[in-house]
Amino acid sequence: MSGTVCPECDAALEIPADVMENELIACLDCGSELEVIALDPVQLELAPEVEEDWGE
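Calculation rules
Residues numbered from 1 in each chain as written. Predicted model: local features only at pLDDT ≥ 70, side-chain atom pairs only at ≥ 80, totals over all residues. Heavy atoms only, no water. Pairing = 2+ DSSP bridges. Helix = DSSP H or I, 4+ residues; strand = E, 2+ residues; numbered from the N terminus. Core = buried A, V, L, I, M, F, W, Y, C linked by side-chain atoms within 4.5 Å. Buried < 20%, exposed > 50% of the residue type's maximum accessible area, 1.4 Å probe, protein only. Axes fitted to C-alpha atoms, helices over the stretch in contact; angles between N-to-C directions. Contact = heavy atoms within 4.5 Å. Disulfide = S-S within 2.5 Å.

(A) How the structure looks around the pairing of strand β4 (residues 33-39). By the bridge criterion, 3 bridges tie strand β3 (residues 24-26) to β4 in an arrangement that is antiparallel. Each bridged residue has a counterpart across the sheet, and for Ala 26 the counterpart in β4 is Glu 33. Here 5 bridges tie β4 to strand β5 (residues 42-46), and the two strands are oriented antiparallel to one another. In the strand pairing of β5, Glu 35 is matched with Glu 45.

(B) View of the nonpolar core. With 11 residues, the main nonpolar core is built from Cys 6, Ala 11, Leu 13, Ile 15, Val 19, Ile 25, Cys 27, Leu 34, Val 36, Val 42 and Leu 44. Those elements that place two or more of their residues in this core are β2 (12-15), β4 and β5.

(C) Layout of the sheet that holds β5. Strand order in this open sheet of 3 strands is β3-β4-β5, and the pairing throughout is antiparallel. Each edge of the sheet is formed by a strand with only one pairing partner; in this case those strands are β3 and β5. Ignoring which end each strand starts from, the neighbouring axes of this sheet average 45° apart.

(D) Seen up close, the environment of Glu 14. Along the polypeptide, Glu 14 turns up in strand β2. Given the relative accessible area of 54%, Glu 14 is considered exposed. Taking the C-alpha atoms as reference points, Glu 14 and Thr 4, separated by 10 residues in sequence, lie 6.7 Å from one another.

(E) Looking closely at the environment of Ala 47. Mapped onto the elements of the fold, Ala 47 is located in the segment after β5. Using a relative accessible area of 14% as the deciding quantity, one classes Ala 47 as buried. Residues within four places of Ala 47 in sequence aside, it is in contact with Leu 24, Glu 33, Leu 34 and Glu 35.

(F) Quick look at the side chain of Ser 32. Within the secondary structure, Ser 32 is located in the loop between β3 and β4. Filtering out sequence-adjacent residues up to four positions away, Ser 32 remains in contact with Glu 8, Ile 25, Ala 26, Cys 27 and Leu 46.

(G) Spotlight on the state of the cysteines. The full count for this structure, using the stated rule, is 0 disulfides. As a non-bridged cysteine, Cys 30 has Cys 27 as the owner of its nearest cysteine sulfur, 3.7 Å distant.

Here it is as structure tokens:
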């Protein structure tokens, strides 16, 4: 496991060693959904909101 911080609340996060790029993880402190955008070193950003397409 490696460590990084939540980009939303700055809480310390433990990232599993087998995490993959583009994987979504949740911050246990603030509940934000985060996306892994880089692996070496691990970088996180807020995951994009899922928008409904209403059949378009």
